[in-house]
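For reference, the chains in residue letters:
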Amino acid sequence: DTMATEKLESAQETIDRLVRTVPDHPKPGIQFKDITPLCANGPGFSRIIDALVEHYEHQDVTSFAGLESRGFIFAAPLAARLNKGFIVIRKPGKLPGKVHRYEYKKEYGSDILEVAEGLIQKGDRVVVIDDLIATGGSALASIKLIETCGGVVTEACFVIGLRDLNGAEVIAPVKTHCLAWY
């Protein structure tokens, strides 16, 4: 059986093979990392979820918080596989009912993230999940939001990390876990 002897492709190799770089999107000078070909490839997408499961299966985690919207793609199946909660972190006005909100400054202006009240309890151990970390702004805002709800962010996890933009330093002391660094 050739499958048994074939070396399992690493998460980094899968990402290298299936994530497309789109130059000058959404503006000149940006090298956009497009995860949609990865998500469209069943074995590749499964390999990434498996890598996340392997990393978190023995950690003390209450829930996984996915950042709108690409963070949902990875946080939901990971949470389901580990029988943990899945929390959505949304842009303003998307969630019904009462919300906790956190406003943060961006390069131009500000933005807001929200989470529904009552989903994160005092002492909950939460992992923040998104597709990519660049400057770390939205990741840091999500960490602050979870902390205002009483949660403890044990780690921030990304499929892709862009080293030159220093996002991991921005969110320190929260630990960053990336499947692939560029």
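Attention in this report is confined to the structure presented alongside it. (Residues numbered from 1 in each chain as written. Predicted model: local features only at pLDDT ≥ 70, side-chain atom pairs only at ≥ 80, totals over all residues. Heavy atoms only, no water.)

1. Regarding the overall build of the chain
Moving on, step 1. What the chain contains, in helices and strands, is seven helices and nine strands.
Moving on, step 2. At 17 Å, the chain has a C-alpha radius of gyration in line with the 16 Å of a compact globule built from 182 residues.
Moving on, step 3. Here the chain displays about 9,700 Å² of accessible surface, and carbon together with sulfur accounts for 52% of that area. (Helix = DSSP H or I, 4+ residues; strand = E, 2+ residues; numbered from the N terminus. Rg over C-alpha atoms; globule rule 2.2 N^0.38 Å. Areas by Shrake-Rupley, 256 points an atom, 1.4 Å probe, with all protein chains shown as cover.)

2. As for the pairing of strand β4 (residues 85-89)
Along any regular strand, the residues point their side chains to alternate faces of the sheet.
Moving on, step 1. Where strand β3 (residues 63-67) lies against β4, five bridges are found, and the strand directions are parallel. Bridge assignment links F64 to a residue of β4, and that residue is F86.
Moving on, step 2. On the question of chirality, the crossover connecting β3 to the parallel β4 by way of helix α5 (residues 70-81) is right-handed. (Pairing = 2+ DSSP bridges. Right-handed = clockwise from strand over helix to strand, strands pointing away.)

3. Description of helix α2 (residues 11-18)
Moving on, step 1. Of the positions making up α2, those classed as buried are A11, T14, I15 and L18. The arc enclosing the buried residues of α2, seen along the axis, measures out at 95 degrees, which places them on a common side.
Moving on, step 2. The elements touched by buried residues of α2 are β1 (20-23), β2 (31-34), α3 (36-40), α4 (42-56), β8 (152-161) and β9 (176-181). (Buried < 20%, exposed > 50% of the residue type's maximum accessible area, 1.4 Å probe, protein only. Arc of directions from axis to C-beta. Contact = heavy atoms within 4.5 Å.)

4. Description of the nonpolar core
Inside soluble globular proteins, nonpolar side chains tend to come together where they are buried.
Moving on, step 1. Formed by 27 residues in total, the largest nonpolar core has its most connected members in I48, F64 and F74.
Moving on, step 2. Elements represented by at least two residues in this core include exactly α2, α4, α5, β7 (125-133), β8 and β9.
Moving on, step 3. When residues no more than four places from it in sequence are discounted, the contact partners of F74 are I35, L38, C39, F45, I48, I49, L52, I129, D131 and V159.
Moving on, step 4. Core analysis: the second largest hydrophobic core is formed by 23 residues, A65, V128, A141 and A156 among them. (Core = buried A, V, L, I, M, F, W, Y, C linked by side-chain atoms within 4.5 Å.)

5. Some points on the pattern of salt bridges
Moving on, step 1. Scanning all chains against the criterion turns up nine salt bridges.
Moving on, step 2. Where E54 meets R47, a salt bridge forms, and the shortest distance between an N and an O atom there is 3.8 Å.
Moving on, step 3. Under the relative-accessibility criterion, R47 is labelled buried at 13%.
Moving on, step 4. R90 is paired through a salt bridge with E68; the nearest N and O atoms lie 2.6 Å apart. Remark: E68 occurs in the loop between β3 and α5 and R90 occurs in the loop between β4 and β5 (99-105); sequence separation between them is 22 residues.
Moving on, step 5. By relative accessible area, E68 is classed as partly exposed at 21%. (Salt bridge = Lys/Arg side-chain N within 4 Å of Asp/Glu carboxyl O.)

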